[in-house]
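Summary of the model geometry
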Amino acid sequence: MSRRTGGRLPHGDLDVFRATLRDWLAEALRAEFAGLRGVGGPGREHEAFAERLAWERHLSAAGWTCLGWPVEHGGRGATLAQQVVFHEEYARADAPARVNHFGEQLLGPTLIAFGSPAQQRRFLPQIVAVRELWCQGYSEPGAGSDLAAVRTRAVLDGDQWVIDGQKVWTSLAHVADWCFVLARTDPSQQRHRGLSYLLVPMRQDGVEVRPIRQLTGSSEFNEVFFTAARTDADLVVGQVGDGWRVAMGTLAVERGVATLGQQVGFRRELDALVEAARRTGALDDPVLRDKLVRARVGLEVMQAHARRTLGSDGPGVASVNKLVWAAWHRGLGELAMEVLGAASLQARGEPYDLDDWQRLYLFSRADTIYGGSDEVQRTILAERVLGLPRPARP
């Protein structure tokens, strides 16, 4: 299938769609891209980045990026079911981790919903073609998961915004061309008011990116310092001062159909752990055997819940999903260490050569923190779903 053929994807038999996609992936992951199976992902974003970027552009040329976007914005008009099939088959094929997530899954849908026609014309085609990469400028050192407490400020100077402040835990900022930044444009307002959603070029003198070395030894997270950085005045998404609503719109699409593909990856990890337990004899331990069974049941429940709530915009759905998968995945990392026993404590070589299980254990410690910590998710559920009173804030 080529994007050049235009038109929508057929809305007929999902089995045909699945078979077509499966055949394409099998053929594409040969020859030039054969070495990319299973490459990249959380804690491993440094792996073969240039090659994965080339792979993603190959996906685009064949019409497999931005599937769910409307046709008029360069997408394929895929149904929700087709998008689910894509993510499932992509994960089953062990295809490399995507490099364009922030553009395709977050900013693109946000621009389609809130952006001006000029912004859509300028940025959407570049996202579809994977010609410009994006990062997300939300979290700050003094705000943590309290997004309304951001202090990065932007002041209008003629036909440009001047931005000063610091963002932290900015994934892939070191390879991004642009950043969507939540900044305070009205200092007289507090909390959710007076914020604006700006599109800021990363490759300028006023932007400094400092990698953060993680437990895994890699550095896919970054600090980003804005010092009199500039962007054009018309690169505000939505209205000036309406950034909170736009930012929440971005978060609403952050955990969509890709979650089901993520869970296919979880199943592969669990299957591999069961096989490791069989090799090491850990399956003979009734306690470990029980824990592996519980992990399987937990995964089945997670997948059933994700399918049941897919496409739902009800309050708290995204928070429940985040709580469930983050706790399960962190638990899988802990279980892997139990299965491997004493061998899990020793790195394979110098200076810090981790195996896949050690990397999973260490990186999954962050699962319950990034993307909104467990505490924040529970507060959202308490206040917005259960209607409990808000705690006193200083």
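This section reports on the structure supplied with the text.

When its secondary structure is counted, the protein chain shows eleven helices and eight strands. Against the compact-globule benchmark of 21 Å for 394 residues, the protein chain has a radius of gyration of 22 Å, which places it among compact chains. The principal-axis extents of the C-alpha atoms in the protein chain amount to approximately 70 × 55 × 45 Å. Taken across its 394 residues, the protein chain has 49% of its residues classed as buried. Long-range pairs, those at least 24 residues apart, make up 73% of the contacts in the protein chain with a sequence separation of at least 6. When the accessible surface of the protein chain is split by element, carbon and sulfur atoms take 53% of a total near 18,800 Å². Of the side-chain charges in the protein chain, 47 are positive and 48 negative, and the distance between the mean point of each set is 3 Å.

By secondary structure assignment, the location of Ser-344 is in the loop between α9 (317-340) and α10 (356-363). Here Ser-344 falls in the buried class, since its relative accessible area comes to 10%. If near-sequence neighbours (up to four positions away) are discounted, Ser-344 is found in contact with Met-337 and Gln-358.

With that settled, the discussion passes to helix α3 (residues 80-92). Spanning 13 residues, α3 covers 18 Å between terminal C-alpha atoms, matching the ideal 18 Å at 1.5 Å per step. Where burial is concerned, most of α3 is hidden: ten out of the 13 residues are buried. Taken together, the buried positions of α3 are occupied by Gln-82, Gln-83, Val-84, Val-85, Phe-86, His-87, Glu-88, Glu-89, Tyr-90 and Ala-91. Positive phi appears at Asp-94, one or two residues downstream of α3, with a value of about 60°.

Moving on: unusual backbone geometry. Positive phi, normally seen in glycine, also occurs at Asp-94, with a value near 60°. Turning to its location among the elements, Asp-94 is positioned in the loop between α3 and α4 (101-114). Judged by its relative accessible area of 27%, Asp-94 is partly exposed. A positive phi is found at Val-130, a non-glycine position, where the angle reads about 60°. Along the chain, Val-130 turns up in the loop between α5 (117-128) and β1 (134-137). With a relative accessible area of 0%, Val-130 lands in the buried category.

To continue, consider the environment of Phe-114. Positionally, Phe-114 belongs in helix α4. Excluding residues within four positions of it along the chain, Phe-114 makes contact with Val-237, Gly-238, Arg-245, Val-246 and Gly-249.

So, about the packing of α9 against helix α11 (residues 374-385). Between α9 and α11, whose axes approach to 9 Å, the crossing angle comes to 145°. Here α9 runs over α11; the crossing is left-handed. Contacts between α9 and α11 pair Ser-319, Val-320, Lys-322 and Leu-323 from the former with Asp-374, Gln-377, Arg-378, Ile-380 and Leu-381 from the latter. Residue composition of the contact of α9 with α11, by class: four nonpolar, two polar and three charged.

So, on to α10. Counting buried positions over the eight residues of α10 gives six, a clear majority of the element. What α10 keeps buried is the set Trp-357, Gln-358, Arg-359, Leu-360, Leu-362 and Phe-363. Two or three places before Trp-357, at the start of α10, stands the capping residue Asp-355, its side-chain oxygen 3.0 Å from that residue's backbone nitrogen.

Membership of the largest hydrophobic core comes to 26 residues, with the highest contact counts inside it found for Leu-107, Trp-134, Phe-180, Tyr-197 and Leu-199. Other than its neighbours up to four places away in sequence, Tyr-197 contacts Leu-107, Thr-110, Tyr-138, Phe-180, Val-181, Leu-235, Val-236, Val-237, Gly-243, Val-246, Ala-247 and Thr-250. Residues Leu-270, Ala-277, Ala-282 and Trp-325 belong to the second largest nonpolar core, which totals 22 residues.

Attention now goes to the packing of α4 against α5. Taken N-terminus to C-terminus, the directions of α4 and α5 make an angle of 160°; their axes are 10 Å apart at the nearest point. When the interaxial angle is binned, α4 and α5 end up roughly antiparallel. For the pair α4 and α5, the crossing hand works out as left-handed. Where α4 abuts α5, its residues Gly-103, Glu-104, Leu-107, Gly-108, Leu-111 and Ile-112 lie against Gln-119, Gln-120, Phe-123, Leu-124 and Ile-127. Among the residues making up the contact of α4 with α5, the classes are represented as six nonpolar, four polar and one charged.

With that settled, consider the pattern of salt bridges. The full count for this structure, using the stated rule, is 27 salt bridges. With its nearest N and O atoms 2.8 Å apart, the salt bridge here joins Glu-104 to Arg-98. Pair check on accessibility: Glu-104 and Arg-98 agree, each one buried. Arg-122 is the partner of Glu-132 in a salt bridge, and the nearest nitrogen-oxygen pair spans 2.9 Å. Here Glu-132 is found in the loop between α5 and β1, whereas its partner Arg-122 is found in helix α5, with ten residues between them in sequence.

Thresholds applied
Residues numbered from 1 in each chain as written. Predicted model: local features only at pLDDT ≥ 70, side-chain atom pairs only at ≥ 80, totals over all residues. Heavy atoms only, no water. Helix = DSSP H or I, 4+ residues; strand = E, 2+ residues; numbered from the N terminus. Rg over C-alpha atoms; globule rule 2.2 N^0.38 Å. Buried < 20%, exposed > 50% of the residue type's maximum accessible area, 1.4 Å probe, protein only. Contact = heavy atoms within 4.5 Å. Areas by Shrake-Rupley, 256 points an atom, 1.4 Å probe, with all protein chains shown as cover. Lys, Arg positive; Asp, Glu negative; His and termini not counted. Charge placed at Lys NZ, Arg CZ, Asp CG, Glu CD. Expected span 1.5 Å × (residues − 1). Axes fitted to C-alpha atoms, helices over the stretch in contact; angles between N-to-C directions. Left-handed = near helix turned anticlockwise from the far one by under 90°. Nonpolar A, V, L, I, M, F, W, Y, C, P; charged D, E, K, R; others polar. Polar contact = N/O pair within 3.5 Å; in protein donor to acceptor, adjacent residues only side chain to side chain. Core = buried A, V, L, I, M, F, W, Y, C linked by side-chain atoms within 4.5 Å. Parallel < 35°, antiparallel > 145°, perpendicular 65-115°, else oblique. Salt bridge = Lys/Arg side-chain N within 4 Å of Asp/Glu carboxyl O.

By themselves these figures say nothing about function.
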